[in-house]
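# Fold and contact review
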Amino acid sequence: MDLVFALAINGLVWGLIIALIALGLSIIFGLLDVINVAHGDFFMVGTVVGLIVAERTGSFWLALAIVPLIGFLLGLVVERFVIRPSARLASLTIVTTFGLSMILQEGVRATFGAQPRRMAAPVQGTVPLFGVDYEIYRLVAALFSVACLLLFFVFLNRTKLGTWIRAVRHDHETATALGIPVVRVCAFTFALGTALALVGGAIAAPITTVEFRTGVDILPFCFMAVVIGGLGNLQGTIAAAVLLSVMEGLVTSVADPTMARVASLAVMCAVLLVRPHGLFAGATR
Amino acid sequence: MSKAMMDRAALVVLFAGLIAAPLVLTAFGAPFWINIIAEIMIWSLLAASANLLFGYVGLLSFGQALYFGFGMYGVALSITHWGAGFWTALVIGILAAVAMAAVAGALAVRLTWHYFAIITVVFSLIFYFLAMSSKSITGGDDGLSFSAPPVLSFGKTSLTLADPVTQYYVIFFVAALCYLIKALIVRSPLGLAFEAVRENDRRASLIGINVYFTRWIAFVIAGALAGAGGALFALFGRYASASYMVYHVSGEAVVWAIVGGAGTLLGPLVGAAVLILFRELISGLWENYLLAVGAIVILVVIFAPQGLMGAWHRIGRKPDAQGDDAPAEAYAEPPR
């Protein structure tokens, strides 16, 4: 029973971190109509940059502050030179971001090396939690993710820029007519999504391995969350990320992790075929 | 010389060149390249599969490696378990891929646009994970090795794949047959229906085309092309592995198809040839050559979305007013 509980908690923690990354994917999709196949690699870049900055400066928390800024700048550059020139044909952005994913992975392999590394958690120790000794850092990471998610929704609903983003998402043409700089809002949103992926990577770095291939595993999971939550439905994405992750954790207690992943993919398949606008479509549309 | 004549001349040169290649390469003492060209022809079939769906029907599939994998395992399992002969194994491999594509396609082509791309990835991921975990059947990551049966036997003498030149011609024969069938299909009324569906599915349905069936049959034919590639690849390497079913392989097929030219007959061959030759020539000199491949992919999509064959076709043609390179607004609204 304790094991099942531990796996469920693990699933919850991991789901909250994934939610942060999937949220980035979801806002990029919802606003720019771009399926970003390189999003998992942005996460991977976050883990690598987080590790390097933390090693150089000696402070994990400083790294956690710097990484999103780097992510934002990276996102602005990528949007300008890769996404915007290919955005006129939506399906082609899948191909350009696939090329981008090759560049990011190979670039990290060339500079950081191919050897997987582990990062020491900045907070050591365990706390007893319902009869299980649980790592404190994982709880800190989960709380940090929740804080970021809340901050994001405050930004989206309470600031002028957030309102612009929502307006552009609702209707490009009307937003243009109202004088909203649509292209710049799109660029900002892509950069914001990238920053979310990188900060998710930095917070997850002590829990996962740090290497150039990490993004390959994360990407399908983020896509499952985005699709099951409904493409572009932000709250749905977060709910789906947490639900899927907890479900995979629970399935792992009776079967191997591969079967857990197959189970989630089967759920996603069913959602795509039966409710292509996502599990929670009724709530928003 | 007119454009059509130039095209035909290029086709003849290509055909003759591929037939003569083993003899020329042996004469120049570079037999290593015989296998490289054979491999290019095999992979070009996977690219042709992605190209048929994207270039002719307008559906971007990121899961064609699944049918490639079924082709591989159809061959490997029928040879190891049933002792199938060469051609039987090849046909079983293609049929396995076709059967899978018929089932997956019936579900997948209900969706279009991004949803189609996503569900094709989902299907291939599900079977990738299943193949990886059922090691007793598939060999998982390590794969299955087998010895290929003779291609033809006359009494005591037999033609085997052990000789690279024989192997080359067998692969050339099957690949050429696939391209011939593909050419006949895209020129047939069915091929016109593909293009009608690609251009405007609503209008296509109003003139009496069954859009769902047209997309499905294209999906099945694409599955057969990918399956033929996988079956040949298994026979070429005497090996089948689940690692070829991962979505990165599908992605490469899309890249080859687009770099070569979506919606052109020989684009997949050109794209696969350019990128595989690039890999063979550069990877020995520069370990991180994938950086350049990624950059090439992005540059081709931005500056020559019609691909290399599209650029070739455009030479000498008057620029059309409503051409494909008419500037379109960035961030167009998604169709709802």
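The name recorded for chain B in an unreviewed UniProt entry is Leucine/isoleucine/valine transporter permease subunit, from Variibacter gotjawalensis. Under the heading Subcellular location (unreviewed entry), UniProt records this for chain B: "Cell membrane".

Chain A has the name High-affinity branched-chain amino acid transport system permease protein LivH in an unreviewed UniProt entry, where Variibacter gotjawalensis is given as its organism. What UniProt states about chain A under its Subcellular location (unreviewed entry) heading is, verbatim, "Cell membrane". Under the heading Sequence similarities (unreviewed entry), UniProt records this for chain A: "Belongs to the binding-protein-dependent transport system permease family. LivHM subfamily."

Here the focus is the UniProt feature "transmembrane region" (unreviewed entry) in chain A. All names here are of chain A. UniProt feature "transmembrane region" (unreviewed entry): in the numbering of this structure it lies at residues 12-32, 37-54, 60-77, 136-156, 177-206, 218-246 and 258-275. Helix makes up 100% of residues 12-32 and strand 0%. Its end C-alpha atoms lie 29 Å apart. As annotated, residues 258-275 has a helix share of 94% and a strand share of 0%, and its two end C-alpha atoms lie 25 Å apart.

To continue, consider unusual backbone geometry. Not every positive phi belongs to a glycine, and Asp33 of chain A is a case in point at roughly 60°. By the secondary structure assignment, Asp33 of chain A is in the loop between helix H1 (2-32) and helix H2 (39-57). Judged by its relative accessible area of 6%, Asp33 of chain A is buried. For Arg238 of chain B, which is not a glycine, the phi torsion comes out positive at approximately 50°. Relative to the assigned elements, Arg238 of chain B resides in the loop between helix H10 (211-237) and strand S4 (239-240).

A few words now on the UniProt feature "transmembrane region" (unreviewed entry) in chain B. All names here are of chain B. UniProt tags residues 53-77, 84-107, 113-131, 168-185, 216-241, 253-277 and 289-308 as "transmembrane region" (unreviewed entry). Its end C-alpha atoms 28 Å apart, residues 53-77 is made of 72% helix and 0% strand. Between the C-alpha atoms that bound residues 168-185 the distance is 26 Å, and the span itself is 100% helix and 0% strand.

As a further point, take the state of the cysteines. Residue and element names in this part refer to chain A. Applying the stated rule across the entire model yields zero disulfides over all chains. With no disulfide of its own, Cys148 lies closest to Cys222 among cysteine sulfurs, the gap being 15 Å. You can call Cys148 buried: its relative accessible area is 16%.

Cut-offs and rules
Residues numbered from 1 in each chain as written. Chains lettered and ligands numbered in written order. Predicted model: local features only at pLDDT ≥ 70, side-chain atom pairs only at ≥ 80, totals over all residues. Heavy atoms only, no water. UniProt positions renumbered as here; feature names shortened; annotations may be inferred. Helix = DSSP H or I, 4+ residues; strand = E, 2+ residues; numbered from the N terminus. Buried < 20%, exposed > 50% of the residue type's maximum accessible area, 1.4 Å probe, protein only. Disulfide = S-S within 2.5 Å.

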